[in-house]
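Listed below, chain by chain, are the residues.
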Amino acid sequence: MTAETTTEITEEATDRPSVLFVCVHNAGRSQMAASYLSHLADGRIEVRSAGSAPADSVNPAAVEAMAEEGIDISANQPKVLSDQAVKDSDVVITMGCGDACPFFPGKRYEDWKLDDPAGQGIEGVRPIRDDIKGRIQQLITELLPGPFDPSAPND
């Protein structure tokens, strides 16, 4: 591999769109959304999630719901929201929880109105998970040019 090729790969990696999902506790909705985006975009989009008051752990019902989709989020840890995470993201999506998020010009902001999975069992979390999946699939079509096949290799 030449130095020129290495530079191309590095530049390509930093040219990926980046998305930050924000919810107060970063334990349910934002974790599911980030995990779906990472899984379905197959590394073609940089993904972050955070919360203003992160929980100690990810919601067990969210872990179970995602496991049903073949996505393991059991080792994920809620993270605290920072100004830097917002600055480093192209798209900032809050998860319908009224979370205050730092505003920086030039960013795309969206608020997804979603039920809170906190305190709900798996039956209550599945519809939230499925709603998130549909929104993530739409987001991928908006952020990645041309048809997207998640089974295609990353070049």
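Reading the values: the criteria
Residues numbered from 1 in each chain as written. Predicted model: local features only at pLDDT ≥ 70, side-chain atom pairs only at ≥ 80, totals over all residues. Heavy atoms only, no water. Helix = DSSP H or I, 4+ residues; strand = E, 2+ residues; numbered from the N terminus. Buried < 20%, exposed > 50% of the residue type's maximum accessible area, 1.4 Å probe, protein only. Polar contact = N/O pair within 3.5 Å; in protein donor to acceptor, adjacent residues only side chain to side chain. Contact = heavy atoms within 4.5 Å. Salt bridge = Lys/Arg side-chain N within 4 Å of Asp/Glu carboxyl O. pLDDT = per-residue confidence, 0-100. Pairing = 2+ DSSP bridges. Axes fitted to C-alpha atoms, helices over the stretch in contact; angles between N-to-C directions. Core = buried A, V, L, I, M, F, W, Y, C linked by side-chain atoms within 4.5 Å.

The topology assignment puts Gln-31 in helix α2 (residues 29-41). The class of Gln-31 is buried, set by a relative accessible area of 2%. Within polar-contact distance, the side chain of Gln-31 engages the backbone oxygen of Asn-26 at 3.1 Å. For Gln-31, the contacting residues outside a window of four places in its chain are Asn-26, Ser-49, Val-58, Ile-73, Asn-76, Gln-77 and Pro-78.

Let us look at the pattern of salt bridges. Taken as a whole, this structure holds eleven salt bridges when the rule is applied. Put simply, Arg-48 and Glu-46 hold a salt bridge, and the shortest N to O gap is 2.7 Å. For Glu-46, a relative accessible area of 28% corresponds to the partly exposed category. In this structure, Glu-68 and Arg-129 form a salt bridge, with 2.9 Å as the shortest nitrogen-oxygen distance. With Glu-68 in the loop between α3 (60-67) and α4 (83-87) and Arg-129 in helix α5 (residues 122-143), the pair connects residues that are 61 residues apart, well separated along the chain. For Arg-129, a relative accessible area of 6% puts it in the buried group. Here the residues in one salt-bridge network are Glu-68, Glu-123, Arg-126, Arg-129 and Asp-130, joined through shared partners.

A few words now on the confidence of the model for the chain. Residue-level pLDDT values for the chain average 86, and 82% of them are 70 or greater. Per-element mean pLDDT across the chain ranges from 41 in helix α1 (residues 3-14) up to 98 in α3. Below pLDDT 50 for its whole length, residues 1-13 participates in three contacts with residues either more than four positions away or in separate chains. Contacts of residues 150-155 to residues separated by more than four positions or lying in other chains number nine contacts, the stretch itself having pLDDT below 50.

The next point concerns the sheet that holds strand β1 (residues 18-22). Taken in spatial order, the four strands line up as β2-β1-β3-β4 in an open sheet, and their pairing is parallel. Edge strands, defined here as strands with exactly one partner in the open sheet, are β2 (46-50) and β4 (108-111). Averaged over all pairs of adjacent strands, the angle between strand axes in this sheet comes to 15°, irrespective of strand direction. Relative to β2, β1 runs parallel, the two sharing five bridges. Along β2, the bridge assignment pairs Phe-21 with Ser-49.

Moving on, we get to the nonpolar core. Among the nonpolar cores identified, the biggest contains 33 residues, and Val-19, Phe-21, Leu-37 and Ile-136 are the most heavily contacted of them. Mapped by element, the contributors of at least two residues to this core are β1, α2, α3, β3 (91-94) and α5. If you look at the next biggest cluster of nonpolar residues, it comprises seven residues, including Leu-81, Ala-85, Val-86 and Val-92.

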